[in-house]
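# Fold and geometry: a report
So you can see what is in the structure, the chains are spelled out below.
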Amino acid sequence: MRPFIPILLSLVFSVSIFSADEKNQPVSQADAHKLNPDGSIALIPYNAKQQQKMDRLAKEVDEYHAGINEKLKFLNYEKKIKDSRYGQVSYAREIHLPHEERYVQHTRFVMKLKGGGGAEGGGFTLDELSFWSRKSLTQPGKEPITTYRELKNTTAGGLKGLVLVVRTVTVADDTTLNYELEKIQNPWERIKLATVYRDRLREVTRAIDRYIQSKGAVEAKAVGDSILEISIGGDFQEP
């Protein structure tokens with residue numbers, strides 16, 4: 001029976017690793033404490049499944065970038081691009097949940113563009129896209145804390161330029177941390193960050209589409225109302 005025990009333990013360990021992978025948990029932490037020659041923490045490499053996820057996300061990101069580039073023609077035609085930038089903001093929201101501290105949150109996105117000039121459609125193309133949020137603690141009796149978060153990416157290719165910037169401001173301190181996608185140790189955290197960026201791109205696309213749709217709807221209503229008014233007439237006669 002003794003030789004059977006190591007085999008059984010090995011089988012259980014293998015099943016555990018597979019289950020962890022299916023739940024998007026780190027498959028192995030064997031390299032979690034490995035250091036690079038310069039003393040920095042070595043990255044845990046992607047396994048095959050994780051690499052497939054990242055490749056798919058990078059492809060989707062490129063597709064969304066291309067779609068937004070097409071919509072820049074409309075934004076330029078509507079004279080909404082100022083100083084090679086375009087963005088939208090959300091209303092400030094006060095969050096007050098039971099048993100949680102009260103805070104106010106602002107969010108926005110900003111597109112930095114390049115090109116322009118006299119080319120057809122303005123000639124603008126997307127250079128960098130950033131999603132920004134500010135969260136300010138407003139709980140009475142608590143020290144004021146404001147946290148700024150910015151998720152930004154260049155459009156040079158896929159997700160290579162993706163970075164998360166976190167700035168925390170208190171009465172006594174002001175600190176900024178930068179998390180570059182390709183330098184985050186845990187592969188699942190890299191995938192989650194890339195997924196969030198992909199999802200926010202989808203929201204930007206929908207926001208611009210709603211603007212285009214509303215513009216068309218307003219014009220259609222104005223023309224429709226005018227057609228109705230001009231179609232109503234009486235018996236004509238000499239003045």
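Anyway, here's the lowdown on the structure attached to this text. This one's a predicted model, so the numbers in the text were calculated from it and none came from an experiment.

How each quantity is defined
Residues numbered from 1 in each chain as written. Predicted model: local features only at pLDDT ≥ 70, side-chain atom pairs only at ≥ 80, totals over all residues. Heavy atoms only, no water. Helix = DSSP H or I, 4+ residues; strand = E, 2+ residues; numbered from the N terminus. Salt bridge = Lys/Arg side-chain N within 4 Å of Asp/Glu carboxyl O. Buried < 20%, exposed > 50% of the residue type's maximum accessible area, 1.4 Å probe, protein only. Core = buried A, V, L, I, M, F, W, Y, C linked by side-chain atoms within 4.5 Å. Contact = heavy atoms within 4.5 Å.

## So, the environment of Arg200
Checked against the element boundaries, Arg200 lands in helix α3 (residues 187-231). Each C-alpha atom, one on Arg200 and one on Ser130, is 9.7 Å from the other, the two residues being 70 residues apart in sequence.

## Let's talk about the pattern of salt bridges
As a working rule, side chains carrying opposite charge can pair if their charged atoms are close by. Applying the stated rule across the entire model yields 13 salt bridges. Across the pair Arg198 and Glu60 runs a salt bridge whose closest N-O atoms are separated by 2.4 Å. Of this pair, Arg198 sits in helix α3 while Glu60 sits in helix α2 (residues 48-77); the two residues are 138 residues apart in sequence, bridging distant segments of the chain. Look at Arg198 and you get buried, because its relative accessible area is 12%. It is possible to trace a salt-bridge network through shared partners that takes in Glu60, Arg198, Asp199 and Arg202.

## Things to note about the nonpolar core
Counting 31 residues, the largest nonpolar core has Leu75, Met111, Leu129, Leu159 and Tyr197 as its most contacted members. Broken down by element, this core gets its largest block of residues, nine residues, from α3. In this structure, Leu159 is in contact with Met54, Leu57, Ala58, Val61, Asn153, Leu181, Ala194 and Tyr197, ignoring residues within four places of it in sequence.

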